[in-house]
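Listed here are the chains, written in short residue letters.
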Amino acid sequence: MTEPFIRLDGVSKTYRTRGKEFLAVSEASFDVAPGELVALVGPSGCGKTTLLKALAGLHGHDGGTLRIGSPEHPFDPARDIGMVFQQPLLLKWRRILDNVLLPAEILGLPMTESRGRARDLLALVGLTGFEDKYPYELSGGMQQRAAIARALIHDPKLVLMDEPFGALDALTRDKMNLELLRIWAQSRKTIVFVTHGITEAVFLGTRVIVLTAGPARMADNIVIDLPHPRSFDLRTHERFGDYTRRIYRLLGIE
Ligand SMILES: Nc1ncnc2c1ncn2[C@@H]1O[C@H](COP(=O)(O)OP(=O)(O)OP(=O)(O)O)[C@@H](O)[C@H]1O
Ligand SMILES: [Mg+2]
């Protein structure tokens, strides 16, 4: 069996603010294999972003162990993570190409090479011809695609996505789901994808981790045994319905 790329074992996170403690994540345990696209799904406030921040090393955790990489395959959070947030967070005074190049600049990567890579990535996300535009000249979906290109510029081993399509209309979101699967298939990155959307999680994920609120508890870890490449026909697949019903039930929606 392949060595897991990420291993969480009983990871908890308590926030301490103004003398109060709040348990946001309680004993999360799961593995992610290299190249998997794992969806984390759960209600608002259940601790998804908290868990993603722990994976990104943006804050610590109090209990359990969290390991990414291995002694043979060392992992450097500063270098090996690409993040995509709910909002594109592009710098409005920079052109699209220069926005994509930002992490390369920060990491001090060779710029000539990075510029070529930025163009290739913009092609990958369908933004050829928009390199010299400013963010305001792009639609929300296009800006989010630029943000995905930016997350990939430094060739990270792990891409963490926090509800990246949450602010988009349903049709654009559907299109972005297909784009993401295409990008994932081409780049072979390991992706952890946070979403509220149960059908989105099942459609995208090789695995879906279900979190429930109060405090965040891992309710299930479901391997999605549906073929790749995926198309929307899959949504009418009997097993697709079985998976979504199972998750709705876990979240108390029936
Ligand atoms: N810095 C913080 N200090 C104190 N409590 C926090 C902090 N950040 C988050 N929380 C609390 O931890 C819980 C989990 O928050 P988190 O942002 O991880 O939820 P989420 O699942 O990402 O929600 P959403 O789907 O709405 O983004 C919430 O109850 C929130 O109030
Ligand atoms: Mg969140």
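Whatever comes next refers back to the structure up there.
Residues numbered from 1 in each chain as written. Chains lettered and ligands numbered in written order. Predicted model: local features only at pLDDT ≥ 70, side-chain atom pairs only at ≥ 80, totals over all residues. Heavy atoms only, no water.

Student: I'm lost on the sheet that holds strand S2 (residues 20–32) in this one. Help?
Tutor: By definition, the strands of a sheet pair up through backbone hydrogen bonds, in either a parallel or an antiparallel sense. One open sheet accounts for 9 strands, arranged S4-S1-S2-S9-S8-S3-S7-S6-S5; its pairing is mixed. Looking at the sheet topology across the chains shown, the edges are occupied by strand S4 (63–68) and strand S5 (81–84). Taken over all neighbouring pairs, the strand axes of this sheet differ in orientation by 20 degrees on average, direction set aside. Strand direction decides the pairing type here: strand S8 (residues 207–212) and strand S9 (residues 216–223), joined by 6 bridges, are antiparallel. Residue pairing for S9: Thr212 is matched across the bridge by Arg217. Docked against the sheet, helix H1 (residues 48–56) engages strand S1 (6–17), S2, strand S3 (37–41), S4, S5, strand S6 (158–162), strand S7 (190–195) and S8, running at close to 155 degrees with respect to S6. Against the sheet, helix H6 (residues 170–187) touches S3, S6 and S7, its axis set at about 165 degrees to S7. (Pairing = 2+ DSSP bridges. Helix = DSSP H or I, 4+ residues; strand = E, 2+ residues; numbered from the N terminus. Axes fitted to C-alpha atoms, helices over the stretch in contact; angles between N-to-C directions. Contact = heavy atoms within 4.5 Å.)

Student: So what exactly am I meant to see when it comes to the environment of Ser44 here?
Tutor: Its location among the elements puts Ser44 in the loop between S3 and H1. Here Ser44 falls in the exposed class, since its relative accessible area comes to 64%. Here the alpha-carbon distance between Ser44 and Ala213, two residues 169 residues apart in the chain, equals 8.0 Å. (Buried < 20%, exposed > 50% of the residue type's maximum accessible area, 1.4 Å probe, protein only.)

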